[in-house]
Amino acid sequence: MALRDFHGRHGRGAVAPDHPPVARTMPDRHHHKVVEAHDCEEFPVELQATLSKPYHYVGCGLNNVYLAGIRYWLCGRCRKQYAEIPAIKELHRLIARALVCQPALLRGEEMRFLRKRLGKKSAEFAAILGVVPETYSRFENEKQEPSPTYDHLVRLYYALHSDDVELSSVARSATDAVLGAKKKARRPRIAATMKDNEWHPVPQAA
Ligand SMILES: [Zn+2]
């Protein structure tokens, strides 16, 4: 399955509507998509996205995803772009795995990406996290910063419930290791000393 990713110079991408071809003489249907979606008469040029000149895939809802090894079409005048992206499911699985494994806390748009990959509605996902839908919406819209606990919950939930089998096995062993380590970890000693009729805590060596 391929996704048609269409966007202009600025802002979020949108999937191009599947209109029937317009009555214009065009080399192929890809050119139709670009020409239909903007008013200028300029002919879009076909380009090859490479690692040094990648396609900026804002259509996925994230602003830091770049693709190489695909063809795309660019209007030289209005700068609108169009790409036909193959194996979209596999690509989104890869992006999601990168999000779950990233050291930085998840941004709102990243939470939204993971939720959508799980096929969950915003209200359903809020219930899973144990927050009211309004709070969860604020997380996604970056009007409220979620505590790291919610960040961890989203990652764990995704890892355990997504179709990424490799990720779920990693998550299971990682979770076991963390929980096991916590059980085995020595409890710090609590010490206090009485001095001048008052109790004083005694700092312990780490
Ligand atoms: Zn144009």
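Scroll up a little and you will see the structure.
Described below are features of the structure shown in this document. (Residues numbered from 1 in each chain as written. Predicted model: local features only at pLDDT ≥ 70, side-chain atom pairs only at ≥ 80, totals over all residues.)

So, on to the overall build of the chain. For the chain, the count of helices and strands is seven helices and nine strands. By residue count, 22% of the 206 residues in the chain fall in the buried class. For the chain, restricting intrachain contacts to residue pairs at least 6 apart in sequence, the fraction spanning at least 24 positions comes to 52%. (Helix = DSSP H or I, 4+ residues; strand = E, 2+ residues; numbered from the N terminus. Buried ≥ 20, exposed ≤ 12 C-beta atoms within 10 Å, placed from the backbone. Contact = placed C-beta atoms within 7 Å.)

Right, let's get into helix α3 (residues 108-117). Regarding α3, the residues found buried are Glu110, Met111, Arg112, Phe113, Leu114 and Arg115. In the core, the buried residues of α3 are packed alongside α2 (88-101), α4 (122-129), α5 (133-140) and α6 (148-161). Glycine 119 lies just past α3 and shows a positive phi near 70°.

Moving on, we come to the packing of α2 against α3. As a packed pair, α2 and α3 sit with axes 10 Å apart at the nearest point and diverge in direction by 130°. In this view, α2 runs oblique relative to α3, as classed from their interaxial angle. Between α2 and α3 lies a crossing whose hand is left-handed. Of α3, the residues touching α2 (which contributes His92, Ile95, Ala96 and Leu99) are Glu110, Phe113, Leu114 and Arg117. Per-class residue counts for the contact of α2 with α3 are five nonpolar, one polar and two charged. (Axes fitted to C-alpha atoms, helices over the stretch in contact; angles between N-to-C directions. Parallel < 35°, antiparallel > 145°, perpendicular 65-115°, else oblique. Left-handed = near helix turned anticlockwise from the far one by under 90°. Nonpolar A, V, L, I, M, F, W, Y, C, P; charged D, E, K, R; others polar.)

By size, the foremost hydrophobic cluster in this structure holds 25 residues, and its most contacted members are Tyr72, Ala96, Leu99, Phe113, Leu114 and Tyr158. Elements represented by at least two residues in this core include exactly β6 (71-74), β7 (81-85), α2, α3, α4, α5 and α6. The leading source of residues in this core is α2, at four residues. Among the domains, domain 1 (3-86) and domain 2 (89-184) are the pair contributing at least three residues each to this core. If near-sequence neighbours (up to four positions away) are discounted, leucine 114 is found in contact with Ala96, Leu99, Val154 and Tyr158. (Core = buried A, V, L, I, M, F, W, Y, C linked by C-beta atoms within 7 Å. Domains from an automatic or database assignment.)

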